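Residue strings, one per chain:
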Amino acid sequence: MIFLLVLCIQASPISQVLSHSMRFRPNQDLTKELLNYITTQNIQAASISTCVGVIMHFKVLISLLLKCKIRFANQPQYTTIEGHFEIVSLVGTMSIHGNHVHISLSDEKGIMIGGHLPLEDNECLIYTTAEVVFLQHVDSIFVRQIDKTYGYAELVVL
């Protein structure tokens, strides 16, 4: 028996890419700095290429310490975790029209944690450094529209 899987994929033309590189310093807020840069540069479409660094506080869906929050998979609320964490990865799509960013962190024992990182209403303080490179997709516009499948605002490429 042969099964055929057909996927509907939204395709867009190839876009020219510009690289943006930045380093954030101790006590700067990663989420606010990223949002500020996207806004002041009027970035219509970007993807995070890489990020390494160390943060002190972040919020992850469920607790009440208002530092840096991330939302675990399939959870409605945020949990706050405080301590020193290595930024293992930061990935996502960003635009002045909306963002979808995930972060992975490791603690002093190498234990990993990660989830959805909201850029709005968040505080994610840098301990030593955060080195971020993202790619601006010059010929594209990233917007977010509600997808009826699950009810989330999902990426639409214009």
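The coordinates are above.
Sequence order sets the numbering: in each chain, residues are counted from 1 along the sequence as written. Residue-level local features of this predicted model are given only where pLDDT is at least 70; pairs of side-chain atoms are given and counted only at 80 or more, and the full residue set underlies all totals for whole chains, interfaces and linings. Working from all heavy atoms in the structure, the side-chain values ignore hydrogens and water.

**Overview of the overall build of the protein**
Looking only at helices and strands, one finds one helix and nine strands in the protein. Note on conventions: DSSP H or I runs of at least 4 residues are helices, E runs of at least 2 residues are strands, and numbering of each starts at the N terminus. Counting from the amino terminus, helix and strand elements in the protein follow one another as β-α-β-β-β-β-β-β-β-β. Burial here depends on accessible area, computed with a 1.4 Å probe over protein chains only, as a share of the maximum for the residue type. Under 20% is buried, over 50% is exposed, and the range in between is partly exposed. Out of the 158 residues belonging to the protein, those deemed buried represent 41%. In this description, contact between two residues means that some pair of their heavy atoms is separated by no more than 4.5 Å. Pairs at least 24 apart in sequence give 62% of the contacts found in the protein among residues at least 6 apart. Working note: accessible area of the protein is about 9400 Å², and carbon and sulfur atoms make up 58% of it. To measure how exposed things are, a 1.4 Å probe is used in the Shrake-Rupley method; for residues, cover is taken only from the protein chains shown.

**Comments concerning unusual backbone geometry**
The general pattern is negative phi for most residues beyond glycine and trans for most peptide bonds. In this structure, Asn 27 takes a positive phi of about 70 degrees despite not being glycine. The topology assignment puts Asn 27 in the loop between strand 1 (17–24) and helix 1 (30–40). You can call Asn 27 exposed: its relative accessible area is 56%. With phi around 50 degrees, Asp 121 is a residue other than glycine that occupies positive phi space. In this fold, Asp 121 is placed in the loop between strand 6 (112–116) and strand 7 (126–137). Note on Asp 121: relative accessible area 70%, which makes it exposed.

**Re the layout of surface pockets**
A volume near 340 Å³ is recorded for the largest pocket. Computed over the protein atoms alone on a 1 Å grid, cavities are sets of points where a 1.4 Å probe fits but cannot get out and pockets are open sets with protein on both sides within 12 Å along at least five of seven lines; a residue lines them when it has an atom within 4 Å of a point. In terms of lining residues, the largest pocket is bounded by 14 residues, among which Arg 71, His 100, His 102, His 116 and Tyr 152 are the most central. Those elements that place two or more of their residues in the lining of the largest pocket are strand 5 (100–106), strand 6 and strand 9 (153–157). For the lining of the largest pocket, the element with the highest residue contribution is strand 6, accounting for three residues. Only Asp, Glu, Lys and Arg are considered charged, only Ala, Val, Leu, Ile, Met, Phe, Trp, Tyr, Cys and Pro nonpolar, and every remaining residue, Gly among them, polar. Here the lining of the largest pocket is built from residues that sort into four nonpolar, seven polar and three charged. Grid points are joined across faces, edges and corners, and a volume is the space filled by probe spheres set on the points.

**Observations concerning the packing of aromatic side chains**
Each Phe, Tyr or Trp ring, with Trp reduced to its six-membered ring, pairs with another whose centre is within 6.5 Å; inter-plane angles below 30 degrees give stacked pairs, above 60 give edge-to-face pairs, and intermediate values give tilted ones. Enumeration over the complete set of coordinates arrives at one aromatic pair. Pairing Tyr 37 with Phe 134 gives two aromatic rings, centres 5.7 Å apart and planes at 80 degrees, and the pair type is edge-to-face. One end of the pair, Tyr 37, is in helix 1; the other, Phe 134, is in strand 7, with 97 residues separating them in the sequence.

**Quick notes on helix 1**
Buried within helix 1 we find Leu 30, Thr 31, Leu 34 and Ile 38. One side of helix 1 carries all its buried residues, which in axial view fall inside an arc of 100 degrees. Residues of helix 1 that are exposed and point over 90 degrees away from its buried face: Thr 39 and Thr 40. Here the buried face of helix 1 lies against strand 1, strand 4 (79–94) and strand 7. Two residues or fewer after helix 1 comes Asn 42, characterised by a positive phi angle close to 50 degrees. An arc is given here, and it is the one of the directions from the helix axis to the C-beta atoms.

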